[in-house]
Amino acid sequence: MNINPIIEVRDVYKSFKDVKAVKGINFTVGEGQFMALLGPNGAGKTTMVEMIEGIQKPDTGKILIDGKNWKDNKEEIHPIIGLSLQETRFIDKLNVRETLMLFASFYGLDSFRVNEVIDIVGLEEKRKAYVVNLSGGQRQRLALGIALLNKPRVLLLDEPTTGLDPNARREVWSILGKLKKESKTSLILTTHYMEEAEQLCDYIIIMDHGKILKEGTLDQLFTDEKGKKVVEFTLKQLSVRCEMFKNQCPFTITWNEELNRGILELSELDKELPVFFEYIKSKGLELDDLVTRRVTLDDLFISLTGRHLND
Amino acid sequence: MTDIYRYKQLWQLIIAHVKEMVREPGVLFWGIIFPIFMSLGLGVAFTTQADTVRKVPIIETYSQSIIDSMLIKGGAIKGLMDKEGGTLYTLTIKNNKLGNSIFHFYKMDENEAMIALKRGIVNVILDQPDDKPRFRFDPSNPDAQLTYLKLTKIFKNSSHININENGDILPLTITGTRYIDFLIPGLLAMGIMMSTMWGLSYGMIEKRSKKLLRRMVATRMKKSYFLVSLITVRFAMNFIEAALLILFAWLVFHITIQGSITALFLVFIASNIAFSGLAVLISCRTAKTEIGNGLINVVVMPMMLLSGIFFSYHNYPNSLVPILQKLPLTLVADAMRSIFIEGAGVVQVIIPTLMLTVGGVTTFIIGMKFFRWY
């Protein structure tokens, strides 16, 4: 963990009526560190981030930003934070520049910074376009621009690319990647896209049901998975049942009957793959397609919870 | 696409919309239950055969009263009570189907009668320049027409005098006595109410529903500035709307402001404060525009019906009138009418101005106490 912690979360709990949204979370984010809270919907990511943003108050536990709590230090914390909520619709009939000017006024910033931000988020051509006429990706870049207006030391982005197409998502990643290189801003990003966490963040916390399941750098998370490869295959035969792969199978195969697709993990591809081919043949089955890939965060999440990140 | 498939799709869409509505209790209440309550309230108010009270001034310049004798012959009871020295006749026309019409006749001098007419307390003035009663009213006022028709019926039944339907009417066309003179200040008041209530309440609820309010507050926006800016813009819009309406009324109907411009401005500011406070109070919690619609209507509609914008609230039962006079819209409309038609100054409107201001500030404070920013 970095030497200068900018965000410290200690033993935080939060409930809404009967729902325990966050159950004893601890983590620290260092200066300049990009951290992802990765988990499926309902994992408690948004609640956690909203507590850091000061929008929600924890039931118990402590949240410090630059060593200060929200209760007594609102005036000091607000100026160093930039944030983007999960879903915000801005004023439809304001254009991009006017929207940024409005939010810039909350920080006492002038049009010079607004123009800078328009360049940073790549909305130069859309500066006079009404918000209502922007695409999903452009709106998200506008939201990101608003979050960056005050050159925040702490950037909190709640699912900034959810619902965006791959191109728009990559555009947001590129802006954040540049920010990482050029500034000392720390980032907490919530996402259920593993690629996003992998691409942008140097520390990842995997959450589910309000708890941390596993955390660390990508290397740390995959220590146990080193050298492992995932094999995904489909068969020419249709309607193959799960039971087919349960008796005397030398591998642990997860078979999806709906997709007619199987997944297994292999440690030594060159030795184990021929065995797998033999096994398939022995069952009277024929491979239709087969791909091998490295282990992903989604595979890790499945191994921890039995579910996909996007479930 | 086969017919069955198409109908199935239609059916599923209907089911989805029904579920969407039924599963949102607030929407259900304001969309279904509230209109039932509303129709119940209005139904009771307008379908029960309540007595309609009409007040008619008789100008006391005649010596030999033909009107007096006609009224007595028609069944009027004389001297039931005295009102500021004037003798009062009361005449009741019974009608099981239409409801009873009760006429109160006052003796007034010309000046008193004109003030009562300008305030909407009366809509027909009776006098007797020769040997026949004469009816003075604005023919474009439908309520005055009804009073006239009922009165002529009484007189025709009670005497041999031939009431000439045209010749015995003296149309009131002098500025200040016409129906339009009564209507314009009321419309001005209603415009301020509608614009403020819908503009502010709906604006706040919509921003809350879009989570924009949450976003702005999370970005260090000063909450007080947000409200002050919204109210200032609404105030400016109301000012322009009111100025245009006054200009239009002057150009087309030759309506002028008889009283003090300062007084009018004070009432205008107080009315903005009053309705802004109410708007903040009713929009302080909900994030659903459907619920907002219902809440705004529950405040706005009764005032539109009861505050005497189109027809005088003096036609409602006497016991209700003091309550109706305290409604914010009534206070604004009455104060504006007194300035426009009667030439009132600051002193005459100071009480309604204070009542509106205090009411507005109080509702604003309560609204802010419960206001949901997140």
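Computed from a prediction, not measured in an experiment: that's the story for all the values here.

Asker: Can you break down the confidence of the model for chain B residue by residue, with the values?
Answerer: Mean pLDDT over chain B works out to 82, with 85% of the residues at or above the 70 mark. Taken over the whole predicted complex, pTM reads 0.75, whereas the ipTM for its chain interfaces reads 0.77.

Asker: Lay out the layout of surface pockets with the relevant residues and their values.
Answerer: Rolled over the atoms, a probe sized like a water molecule indicates the empty space that remains. What the second largest pocket holds in volume is close to 730 Å³. Considering the residues around the second largest pocket, the lining is formed by 23 residues, among which Gly-54, Lys-57, Trp-70, Lys-71 and Lys-74 of chain A are closest to the centre. When contributions to the lining of the second largest pocket are tallied by element, the ones reaching two or more residues are α1 (45-53), β4 (60-65) and α2 (70-77) of chain A together with α7 (212-218) of chain B. At four residues, the largest contribution of residues to the lining of the second largest pocket is made by α2 of chain A.

Asker: Help me get a handle on the pairing of strand β6 (residues 154-158) of chain A, residues and values and all.
Answerer: All names here are of chain A. The buried count for β6 comes to five of five residues, which makes it a mostly enclosed element. Going residue by residue along β6, you find Val-154, Leu-156 and Asp-158 tucked away on one face and Leu-155 and Leu-157 tucked away on the opposite face as well. Sheet topology note: the strand β5 (residues 81-84)/β6 ladder contains four bridges and is parallel. Of the residues in β6, the one forming a bridge with Ile-81 is Val-154. Both β6 and strand β7 (residues 186-191) contribute to a ladder of five bridges, which runs parallel. If you follow Leu-155 over to β7, its bridge partner there is Leu-187. Traced from β6 through helix α6 (residues 166-182) to β7, the parallel crossover comes out right-handed.

Asker: A description of helix α5 (residues 136-148) of chain A should follow, citing residues and the corresponding values.
Answerer: With 13 residues, α5 of chain A extends 18 Å from end C-alpha to end C-alpha; this agrees with the ideal 18 Å at 1.5 Å per step. The element α5 of chain A is largely enclosed, with a buried count of eleven among its 13 residues. Buried within α5 of chain A we find Gly-137, Gln-138, Gln-140, Arg-141, Leu-142, Ala-143, Leu-144, Gly-145, Ile-146, Ala-147 and Leu-148 of chain A. As for α5 of chain A, its buried residues are in contact with β5, α3 (96-106), α4 (111-120), β6 and α6 of chain A together with α7 of chain B.

Asker: Kindly report on the interface of chain B and chain A, identifying the contributing residues and their values.
Answerer: Each side of the interface is counted separately: chain B has 14 residues, and chain A has 23 residues. The junction of chain B with chain A conceals about 1700 Å² of combined surface from both sides, 60% of it contributed by carbon and sulfur atoms. Three residues stand out in chain B for area buried against chain A, namely Lys-210, Arg-215 and Arg-220 of chain B, and they jointly supply 44% of the buried area on that side. Its salt-bridge partner being Lys-210 of chain B, residue Asp-92 of chain A comes within 3.8 Å of it at the nearest N-O pair. Of all elements in the fold, only α6 (179-209) and α7 of chain B reach the threshold of two or more residues within the side of chain B that touches chain A.

Asker: Describe the environment of His-308 of chain A, and please don't skip the residues or the numbers.
Answerer: Residues and elements named next belong to chain A. Among the structural elements, His-308 can be located in the segment after α10 (297-305). As for His-308 and Lys-45, which are separated by 263 residues in sequence, their C-alpha atoms are 16 Å apart. When neighbours within four sequence positions are excluded, His-308 is seen to be in contact with Asp-298, Phe-301 and Ile-302.

Asker: Break down empty space enclosed by the protein for me, with residues and values.
Answerer: All names here are of chain B. Here the structure, examined in full by the defined rule, presents one cavity of 30 Å³ or more. Reported here for the largest cavity is a volume of approximately 210 Å³. If you trace the largest cavity, you find 22 residues lining it, with Leu-117, Gly-120, Val-122, Asn-123 and Asn-141 closest to the centre. Of all elements in the fold, only β1 (52-59), α5 (142-158) and α6 reach the threshold of two or more residues within the lining of the largest cavity. With three residues, the single largest contributor to the lining of the largest cavity is α5. Considered class by class, the residues forming the lining of the largest cavity number nine nonpolar, eight polar and five charged.

Asker: Outline the packing of aromatic side chains, listing residues and values.
Answerer: All names here are of chain B. Going through the model one piece at a time under the given rule, you end up with 21 aromatic pairs over all chains. Aromatic pair Tyr-179 and Phe-311: ring centres 6.2 Å apart, planes at 20°, arrangement stacked. Residue Tyr-179 is located in helix α6, and its partner Phe-311 is located in the loop between α10 (289-306) and α11 (321-324); the two are separated by 132 residues in the primary sequence. A relative accessible area of 12% places Tyr-179 in the buried class. Judged by its relative accessible area of 39%, Phe-311 is partly exposed. With centroids separated by 6.4 Å and ring planes inclined at 25°, the aromatic side chains of Phe-265 and Phe-268 adopt a geometry described as stacked. With Phe-265 and Phe-268 both in helix α9 (residues 261-282) and three residues apart, this pair spans about one turn of that helix. The ring of Phe-371 carries the charged tip of Arg-208 above its face, separated from the ring centre by 4.8 Å. Above the face of the Phe-182 ring, Arg-337 is positioned so that its terminal group lies 3.7 Å from the ring centre.

Asker: Give me the sheet that holds β5 of chain A: which residues, what numbers.
Answerer: In a beta sheet, neighbouring strands pair by backbone hydrogen bonds and run either parallel or antiparallel. Residue and element names in this part refer to chain A. Reading across from one edge, β5-β6-β7-β3-β8-β9 is the order of the six strands in this open sheet, with mixed pairing throughout. This sheet does not close on itself; its edge strands, each paired only once, are β5 and β9 (211-216). Adjacent strand axes in the sheet meet at a mean angle of 15° when their direction is disregarded. As defined by bridge partners, strand β3 (residues 34-38) adjoins strand β8 (residues 203-208) across four bridges and the pair is classed as parallel. If you follow Leu-38 over to β8, its bridge partner there is Ile-206.

Asker: Would you mind going over the nonpolar core in detail, with residue names and values included?
Answerer: Core analysis: the biggest nonpolar cluster contains 106 residues, and Leu-297 of chain A together with Met-197 of chain B have the highest contact counts within it. With 13 residues, α6 of chain B is the single largest residue contributor to this core. Discounting residues that sit within four places of it in the chain, Met-197 of chain B has contacts with Tyr-202, Phe-275, Leu-278, Ala-279, Ile-282, Ile-296, Val-299 and Val-300 of chain B. In this structure, Val-9, Ile-25, Ile-52 and Ile-55 of chain A belong to the second largest nonpolar core, which totals 32 residues.

Asker: Can you tell me about the pattern of salt bridges, naming the residues and giving the values?
Answerer: Residue and element names in this part refer to chain A. As enumerated under the stated definition, the model contains 23 salt bridges over all chains in all. One salt bridge in this structure joins Asp-59 and Lys-14, with 3.9 Å as the shortest N-O distance. In this pair, Asp-59 sits in the loop between α1 and β4 while Lys-14 sits in strand β1 (residues 5-16), placing the two residues 45 residues apart along the sequence. On the basis of relative accessibility, which here comes to 10%, the residue Lys-14 falls in the buried class. With a closest N to O distance of 3.5 Å, Lys-45 and Glu-159 form a salt bridge.

Asker: Summarise a positive patch on the surface; cite the residues concerned and give the values.
Answerer: There is a patch of like positive charges on the surface, built from Lys-57, Lys-71 and Lys-74 of chain A together with Lys-223 of chain B. Secondary-structure assignment places Lys-223 of chain B in helix α8 (residues 223-253). For Lys-223 of chain B, a relative accessible area of 37% gives the class partly exposed.

What counts and what doesn't
Here the residue index of a chain counts from 1 through its sequence in written order. Ligands are numbered from 1 and chains lettered from A, in the order in which they are written. In keeping with the predicted nature of the model, local features appear solely for residues at pLDDT of at least 70, side-chain atom pairs appear and are counted solely at 80 or more, and the whole-chain, interface and lining totals rest on all residues. The basis for every side-chain value is the complete set of non-hydrogen atoms in the structure, without hydrogens or water. Each residue carries a pLDDT score, the predictor's confidence in it, ranging from 0 to 100. Only protein atoms enter the calculation, which uses a 1 Å grid: trapped sets of points that fit a 1.4 Å probe without letting it out are cavities, open sets showing protein on both sides within 12 Å along at least five of seven lines are pockets, and any residue with an atom within 4 Å of a point is a lining residue. Grid points are joined across faces, edges and corners, and a volume is the space filled by probe spheres set on the points. Going along the chain from the N terminus, every DSSP run of H or I of four or more residues is numbered as a helix, and every run of E of two or more is numbered as a strand. Partly exposed describes any residue whose relative accessible area lies between the buried limit of under 20% and the exposed limit of over 50%, with all areas from a 1.4 Å probe on protein chains only and scaled to the type maximum. Only strands that DSSP links by at least two bridges are regarded as paired with each other. Crossovers are described as right-handed under a simple rule: with the strands pointing away from the observer, the path leading from the first strand over the helix to the second runs clockwise. The span one expects for a helix is its residue count, reduced by one, times 1.5 Å. Contact definition: two residues touch when any of their heavy atoms are within 4.5 Å. Summed over both partners, the accessible surface that disappears when two parts come together, traced with a 1.4 Å probe, is what is meant by buried area. Take a side-chain nitrogen of Lys or Arg and a carboxyl oxygen of Asp or Glu: if they are within 4 Å of each other, that pair is a salt bridge. Under the scheme applied here, ten amino acids are nonpolar (Ala, Val, Leu, Ile, Met, Phe, Trp, Tyr, Cys and Pro), four are charged (Asp, Glu, Lys and Arg), and all others, including Gly, are polar. In this analysis, rings of Phe, Tyr and Trp, with Trp reduced to its six-membered ring, are considered paired at centre separations within 6.5 Å, and the interplanar angle assigns stacked below 30 degrees, edge-to-face beyond 60, and tilted for intermediate values. In this scheme, Lys NZ or Arg CZ marks a charge over a ring once it lies within 6 Å of the ring centre and within 35 degrees of the ring normal. The convention used is that axes are lines fitted to C-alpha atoms, helices contributing only their stretch in contact, and that angles between N-to-C directions extend from 0 to 180 degrees. Here, nonpolar core means buried Ala, Val, Leu, Ile, Met, Phe, Trp, Tyr and Cys residues that are tied together by side-chain atoms lying within 4.5 Å of each other. The patches described consist of residues with a relative accessible area above 30% and no salt bridge, like charges being joined within 9 Å and nonpolar side chains (Val, Leu, Ile, Met, Phe, Trp, Tyr) within 5 Å. Reported accessibility uses the Shrake-Rupley method at a 1.4 Å probe radius. Residues are deemed covered only where the shown protein chains occlude them. Residues scored as charged are limited to Lys and Arg (positive) and Asp and Glu (negative), so that His and the chain ends carry no count. Charged side chains are reduced to one point each, which is NZ for Lys, CZ for Arg, CG for Asp and CD for Glu.

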